[in-house]
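Descriptive analysis of the structure
If you want the building blocks of each chain, they are given just below.
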Amino acid sequence: MSLFFVFLDLHLQKIPRVVFLGLTAGLLCLFAQTAGAQGKTFKNDMAERTRACTACHGEQGRAGPDGYYPRLAGKPAGYLYNQLKNFQEGRRHYTLMTRLVDPLSDAYLEEMAVYFANLKLPYAPAVQAKVRVSDQLLQHGKKLALEGDSSRGVPACNTCHGKQLTGIQANVPGLLGLPLDYLNAQLGAWQTHQRKAATPDCMRDIVKRLESEDLVAVATWLSTQNMPLNSSPAMKIAEPLKAPWRCGSAPELSRVQP
Amino acid sequence: MMFPTHFWRYFAILWLAILGLLGAAILVDNHQDIWTSTTPTRSTDLHQQEQAAKGQQLLSLGNCISCHTDRGAAMGAGGRAFETPFGKVYSSNITPNSEHGLGTWDTQDFWRALHHGKSKDGRLLTPVFPYQHTTLITREDSDALFAALKNLPAAANAKPIPKPSETLDWPYGTPVAIAVWRSLFFKPGTYVSEARQSPEWNRGAYIAQGLAHCAACHSERNAWGALTAINDFSGGLLPVLNWYAPSLTSAHETGLANQSVADIARFLKSGQSAQAIASGPMAEVVQHSTQHWLDADLSAVATYLKDMATQQARVALKTPAESEKKSKASPSSKVVSLGSKIYEQHCEQCHQRQGQGIAGAYPALANNRAILLNDPTNLVQAVLYGGYPAATQLNPRPYGMPPYILELDDREIAAVLTHLRTQWGNQAAEVTPLQVNRIRALQGH
């Protein structure tokens, strides 16, 4: 390859411009073709092993195109693993997921979770709401997300989901970069007990205290927020949870950490 | 013509007498174990710990825990729903919990459940519990199983498990219906060794016909949901679940006669072979049961099944007419071009241009028996839902197939399946969109 460039370099002045351009274009095509073919060759790696996942969740788990299949890339590994187990053990319900994970071992599910957690990909800018939403709704959602509602004993989302709402290692997911449809469906599923987490299920206790309008407001606000520059989950919770709050899926939140 | 009144009276009495006798006969038939004391005495020659360890192995041979555990619930605590054409049946709690489980049972009660299909209180069990098969289990093995179950953590059920009488359609859950069924189709039995065969063959037959209850899926059930024989492995469609369990004796379906004993054993242990992948309910069986079997047992079952298939092949040679009938497809050019387009878009990357697959990762479709089965149910299931083979010690990180239920419609699935069944030397009947539609509808999507 370098020989070819040397050749080009030496003879550049003698070759008409058009021929040079043609050669470059041809070379680029050749490159593109081999790259494409390489994408098709079989590799004994996790990308190959998770084809069944990425068919819906997008290439490298960067989210599906239809606004329902959430992003997997870069989410905390513990969170992803817990979700796979939740599908397997009937705390979350989606036939396609359940049938896929059913025959797999814990070790393999964990390997898959770690694989997607370690894929650091840039986020696309947040999609603005398709229908016009009132400022009032957005303000209400923002208040719930960042301040909570002490009158109903509802903590702010950012108490547990990271100051920047990008999640906390290793078990709490970020709330940004998710499509509105997905957020609405999940909060709705928690409301109707279709989605559960390991007991004590803190999300269930929180959703129980909220009305449907509150859930829509907070989902709408979250879905319109851009990801901060550093999208990685926080390493630990800013202040350990005080009793009686405890989360079965993320017991470390209640512990004072060094 | 008129008959005098007393004639009708005698007529009625005659019928009542016949019905009464029939009823009494069924009653006697179902409860004769109470007065015929043929129960072998319990064995005491094994040390308790050894016995429990042996029982643990037997539990995996029978895949007991898998059916007696609900999703996400305590091991052995029951409550898993089984849908049948007659309604639902929930498995029972077999942990040593004294209120919900077998805590108050003794080895005699347990033996009676396995051998006679009766609960401790004498209630007749529904044949969803495969006592047509478990009746073959020896008293010694029954005691070992019970010892292993005693070692499970005792688990209570948060909600009471519904009784079959509440969940089966009337009248199937009534004691009378179950008694009649048992009189027609169930006879307590023991495994009788075939002297002509090796001990290994006999061990395999004892496991396959009894504890492992292979024929519960691998044979057709009649209109009453009963099996004609526990050593009939001629294949059958699982009702409600909607998977076809292929014939274990047919050369076209599983071809065990032409495989080595080691290969058959390896398939049961790993869930995958160069020839086939265990999917659907069989993946579950491999995951929870066969991958944990001792090599000697795997080899015994493989020896027995291979021999059954070989015997069948000899019978088939004498009467070749029906089994050799091959259906050839002649799909329209529209179907052909749609099928090859879909194949190129969605399948070729893994299964390759010539359907040769990638060894160890993606199965070959060319000359693959699963592709050529008359009944396309499993193929439609695979395309709709995709799936992974069971993760086993021999195949801990399997490759998977994505679901296509949201991407392909009935017409497209039918065309691509027809493509697979008619390419690369494959010769099987065309799959129609109507067939795909019916299978999809049975899945509730």
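Residues numbered from 1 in each chain as written. Chains lettered and ligands numbered in written order. Predicted model: local features only at pLDDT ≥ 70, side-chain atom pairs only at ≥ 80, totals over all residues.

1. Looking at the overall build of chain B
Counting its regular elements, chain B contains 19 helices and four strands. Relative to a compact globule of 445 residues, whose C-alpha radius of gyration would be 22 Å, chain B shows 25 Å and is just as compact. Its C-alpha atoms give chain B principal-axis dimensions of about 75 × 75 × 50 Å. Taking contacts inside chain B between residues at least 6 apart in sequence as the whole, the part at least 24 apart equals 64%. (Helix = DSSP H or I, 4+ residues; strand = E, 2+ residues; numbered from the N terminus. Rg over C-alpha atoms; globule rule 2.2 N^0.38 Å. Contact = placed C-beta atoms within 7 Å.)

2. Quick look at the domain arrangement of chain A
Residue and element names in this part refer to chain A. Looking at the assigned domains, one finds that chain A contains domain 1 (47-117) and domain 2 (135-254). A straight line from the C-alpha centre of domain 1 to that of domain 2 covers 20 Å. If you look at the interface, domain 1 gives 15 residues, while domain 2 gives 19 residues. (Domains from an automatic or database assignment.)

3. What about the interface of chain B and chain A?
Interfaces are often sized by the amount of accessible area the parts lose when they come together. With 23 residues of chain B in contact, the opposing surface of chain A contributes 18 residues. Looking at the side of chain B that touches chain A element by element, the count peaks at three residues for helix 12 (residues 281-288) of chain B. Partitioned by chemical class, the residues of the side of chain B that touches chain A number 14 nonpolar, six polar and three charged. (Nonpolar A, V, L, I, M, F, W, Y, C, P; charged D, E, K, R; others polar.)

4. Brief notes about the confidence of the model for chain B
Per-residue confidence for chain B gives a mean pLDDT of 93; residues scoring 70 or more make up 95%. The least confident element of chain B, judged by mean pLDDT, is helix 14 (residues 320-323) of chain B at 52; the most confident is helix 9 (residues 199-209) of chain B at 98. (pLDDT = per-residue confidence, 0-100.)

5. Description of the packing of helix 8 (residues 135-146) of chain A against helix 12 (residues 212-223) of chain A
All names here are of chain A. Remark: helix 8 packs on helix 12, axes separated minimally by 7 Å, with the N-to-C direction vectors making an angle of 90°. For the element pair helix 8 / helix 12, the angle class is roughly perpendicular. Every residue of helix 12 that contacts helix 8 at L137, L138, H140, G141, K142, L144 and A145 is listed here: D214, A217, V218, T220, W221 and L222. Grouping the constituent residues of the contact of helix 8 with helix 12 by class yields eight nonpolar, three polar and two charged. (Axes fitted to C-alpha atoms, helices over the stretch in contact; angles between N-to-C directions. Parallel < 35°, antiparallel > 145°, perpendicular 65-115°, else oblique.)

6. Here's the deal with the nonpolar core
Counting residues in each nonpolar core, the largest one holds 141 residues, and the members touching the most others are L80, A113 and V218 of chain A together with V301 and L305 of chain B. Setting aside anything within four residues of it in sequence, one finds V218 of chain A in contact with G141, L144, A145 and C157 of chain A. Membership of the second largest hydrophobic core comes to five residues, among which are F86, Y90, L168 and Y172 of chain B. (Core = buried A, V, L, I, M, F, W, Y, C linked by C-beta atoms within 7 Å. Buried ≥ 20, exposed ≤ 12 C-beta atoms within 10 Å, placed from the backbone.)

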